Amino acid sequence: MWVKAIRVHELGGPEVLSWEEVEIGEPNEGEIRIKNKAIGVNYVDIYYRTGLHRAPLPFIPGKEAVGVVSAVGPGVTSFKVGDVVGYADNPMGSYAEEQIIPASVAIPIPPAIDYKTAASVLLKGMTAYVLVRQAFKVQRGHTVLVHAAAGGVGSLLCQWANALGATVIGTVSTEEKAAQATQDGCQHVIVYTKEDFVTRVAEITSGEGVHVVYDAVGKDTFQGSLACLMPRGCMISYGQSSGSRPDPVRLSDLAPKSLILGRPGLMHYTTNRDELLQAASEVFDGITAGVLQVHANHVYLLSEAARAHKDLEARRTSGSIVLVPDSQSL
């Protein structure tokens, strides 16, 4: 069968996202085919499009989607046609009307959570879970610095850390995003385009610094983030939205304050199905309990993926971005 999808034949800007027909077969042993209803857009999609992360060309981008099972392969007993499922992180290829994925990575979506919300939160929410509950366990009394606090993951980090009893400091680029960060639980918001975040963090913490920094920006904020940490603080780097990886750090640079530096990845915290379902359950429970508010602020047609990428790179978005197949209404 043939479906419409976005493909990348050469690396570059948003213009390399090609809207075309691709052939999709039947699921093999242990696989299912899903008809996508909502597709999450994440900054990692840009990394692959530009070549910051590598994938064999040509490829269909996208690492997050929610849809309805349209076919099951031999040996699959855990899902049936008509089930609503989602997946996050791997395999790549969600920018398509339909796709085939291993049944082992499919996550049942609770009936109370709609397609767009689920596609907005699976990858970002499980990433946030790893960051605040696994890589560094945020506790009451901690002071946390979150860069890109109004972004998809940043928004969830702020809400989750606040619910755990931490004092949350967020950095954003505009006053509009500052209002969003405040709503999401930031007790202190720094508009980094107007003031130096290192100086401001020192003022807020009376020179003590923060317990942990969550940095998805990369090179532009990396050294400043290290400077914001208190002795025995933890630097968690989980992205590079600035477009550049941080410069190499010498171990000796961490010694003066006994700092810890980490670069966690979701795949290493969901190495088996139990871990995967536990991570998803924590996210779904947070939503149903009202701890996590999902901001699916931007919805585009799948054919408009290039425009979505342009807006994300230009920092014209906040919260989550979702693509929907052109056969559906926005």
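Anything mentioned here points back to the structure above.
Residues numbered from 1 in each chain as written. Predicted model: local features only at pLDDT ≥ 70, side-chain atom pairs only at ≥ 80, totals over all residues. Heavy atoms only, no water.

## Concerning the packing of helix α2 (residues 115–135) against helix α3 (residues 152–163)
Here is the rule we go by: Note on method: axes are straight lines fitted to C-alpha atoms, helices fitted across the in-contact stretch only, with angles between N-to-C directions ranging 0 to 180 degrees. Helix numbers and strand numbers start at the N terminus; a helix is a DSSP run of H or I with at least 4 residues, a strand a run of E with at least 2. For classification purposes, an angle smaller than 35 degrees is called roughly parallel, one larger than 145 roughly antiparallel, one from 65 to 115 roughly perpendicular, and anything else oblique. A clockwise turn of the near helix away from the far one marks a right-handed crossing, whereas an anticlockwise turn of less than a right angle marks a left-handed crossing. It only takes one pair of heavy atoms within 4.5 Å for two residues to be counted as in contact. Note that Gly is not counted as nonpolar here; it falls among the polar residues with everything else outside the nonpolar set of Ala, Val, Leu, Ile, Met, Phe, Trp, Tyr, Cys and Pro and the charged set of Asp, Glu, Lys and Arg.
It is the contact of α2 with α3, at a shortest axis distance of 9 Å, that shows an interaxial angle of 45°. If you check the angle between α2 and α3, you find them oblique. Pair α2 / α3 crosses with right-handed handedness. Of α3, the residues touching α2 (which contributes Val121, Lys124, Gly125, Thr127, Ala128, Tyr129, Leu131, Val132 and Arg133) are Gly152, Val153, Leu156, Leu157 and Trp160. For the contact of α2 with α3, the residue count by class is nine nonpolar, three polar and two charged.

## Some words on the packing of helix α1 (residues 43–50) against helix α9 (residues 305–313)
Angle between the axes and distance between the axes are the two parameters that describe a pair of packed helices. Two elements in contact, α1 and α9, have axes whose closest approach is 11 Å; the angle formed by their N-to-C orientations is 105°. With respect to α9, the element α1 is oriented roughly perpendicular. Each of Tyr43, Asp45, Ile46 and Arg49 in α1 lies in contact with α9, whose residues at this interface are His309, Leu312 and Glu313. Its residues assigned to classes, the contact of α1 with α9 comprises three nonpolar, one polar and three charged.

## Considering the side chain of Glu64
Put simply, the rule reads: Buried means the residue's accessible area, taken with a 1.4 Å probe over protein chains only, is under 20% of the maximum for its type, while exposed means over 50%, and partly exposed covers the values in between. We define a polar contact as two N or O atoms separated by no more than 3.5 Å, with the added condition that, inside protein, one atom must be a possible hydrogen donor and the other a possible acceptor, whereas residues neighbouring each other in sequence contribute only through side-chain atom pairs.
For Glu64, the position within the fold is in strand β4 (residues 64–72). Residue class for Glu64 comes out buried when judged on its relative accessible area of 0%. One polar contact links the side chain of Glu64 to the main-chain amide nitrogen of Leu122, over a distance of 3.0 Å.

## Describing the pairing of strand β14 (residues 298–301)
To keep things clear, this is the line we draw: Two strands form a pair only when DSSP identifies at least two bridges running between them. Orient the strands so they point away from the viewer; a crossover is then right-handed if the path from the first strand over the helix to the second runs clockwise.
Here β14 pairs with strand β15 (residues 321–324) via four bridges, running parallel. Across the sheet, Val299 pairs through a bridge with Val322, a residue of β15. Crossover handedness for the path β14 to α9 to β15: right-handed.

## A short note on the packing of aromatic side chains
Under the convention used in this document: Aromatic contacts are taken between Phe, Tyr and Trp rings whose centres are within 6.5 Å, Trp giving its six-membered ring; a plane angle under 30 degrees counts as stacked, one over 60 as edge-to-face, and the others as tilted.
Here the structure, examined in full by the defined rule, presents two aromatic pairs. Judged by centre distance (5.7 Å) and plane angle (50°), the ring pair of Tyr43 and Tyr47 falls under tilted. Remark: Tyr47 and Tyr43 occur in helix α1; sequence separation between them is four residues, near one turn of the helix. Between the aromatic rings of Tyr129 and Trp160, the centroid separation amounts to 6.3 Å while the plane-to-plane angle is 40°, which identifies the pairing as tilted. Of this pair, Tyr129 sits in helix α2 while Trp160 sits in helix α3, placing them 31 residues apart in sequence. In this pair, the class of Tyr129 matches that of Trp160, namely buried.

## Digging into the layout of surface pockets
The condition that has to hold: Buriedness of a pocket was judged along seven lines, with at least five required to meet protein on both sides within 12 Å; pockets are open sets of points on a 1 Å grid over the protein atoms alone, cavities are sets where a 1.4 Å probe fits but cannot get out, and lining residues have an atom within 4 Å of a point. Grid points are joined across faces, edges and corners, and a volume is the space filled by probe spheres set on the points.
Looking at the largest pocket, its volume works out to about 1100 Å³. What lines the largest pocket is a set of 45 residues, and nearest its centre among them are Tyr43, Val44, Tyr47, Tyr238 and Gly239. Contributing elements (two or more residues each) for the lining of the largest pocket: α1, α2, α3 and β9 (167–172). No other element matches α2, which puts five residues into the lining of the largest pocket. Looking at the lining of the largest pocket residue by residue, the classes come out as 22 nonpolar, 17 polar and six charged. Quantified by volume, the second largest pocket comes out at close to 270 Å³. Contributing to the lining of the second largest pocket are 15 residues, with Ile24, Ile60, Gly93, Gln99 and Ile100 lying nearest its centre. Put simply, the parts of the chain that give the lining of the second largest pocket at least two residues each are β2 (17–23) and β6 (98–102). Ranked by residue count, the leading element in the lining of the second largest pocket is β6, at three residues. Here the residues of the lining of the second largest pocket are counted per class, giving nine nonpolar, three polar and three charged.

## A short note on the sheet that holds strand β13 (residues 260–262)
Strand order in the open sheet made by the six strands is β10-β9-β8-β11-β12-β13, with parallel pairing throughout. The open sheet is flanked by β10 (188–191) and β13, the only strands paired with a single partner. The average angle at which neighbouring strand axes cross in this sheet is 15°, direction not considered. Where strand β8 (residues 143–146) meets strand β11 (residues 210–215), three bridges bridge the pair, whose relative direction is parallel. Its bridge partner lying in β11, Leu145 is registered against Val213.

## Structural notes on helix α4 (residues 175–183)
Residue pairs three or four apart in sequence face the same way in an α-helix, which turns once every 3.6 residues. To keep things clear, this is the line we draw: Starting at the helix axis, one direction is taken to each C-beta atom, and the arc is that of these directions.
Every buried residue of α4 is accounted for by Lys177, Ala178, Gln180 and Ala181. Here the buried residues of α4 occupy an arc of 160° about the axis, which is enough to place them on one side. When the buried face of α4 is taken as reference, the exposed residues oriented beyond 90 degrees from it are Glu176 and Gln183. Of the residues flanking the end of α4, it is Gly185, one or two places downstream, whose phi is positive at about 110°.

## Some thoughts on α9
Along α9, the positions that sit buried rather than exposed are Ala305, Ala306, Ala308, His309, Asp311 and Leu312. The inward-facing, buried residues of α9 abut β1 (2–8), β2, β3 (31–41), α1, β14 and β15. With its phi angle positive at about 60°, Arg315 sits one or two positions after the end of α9.

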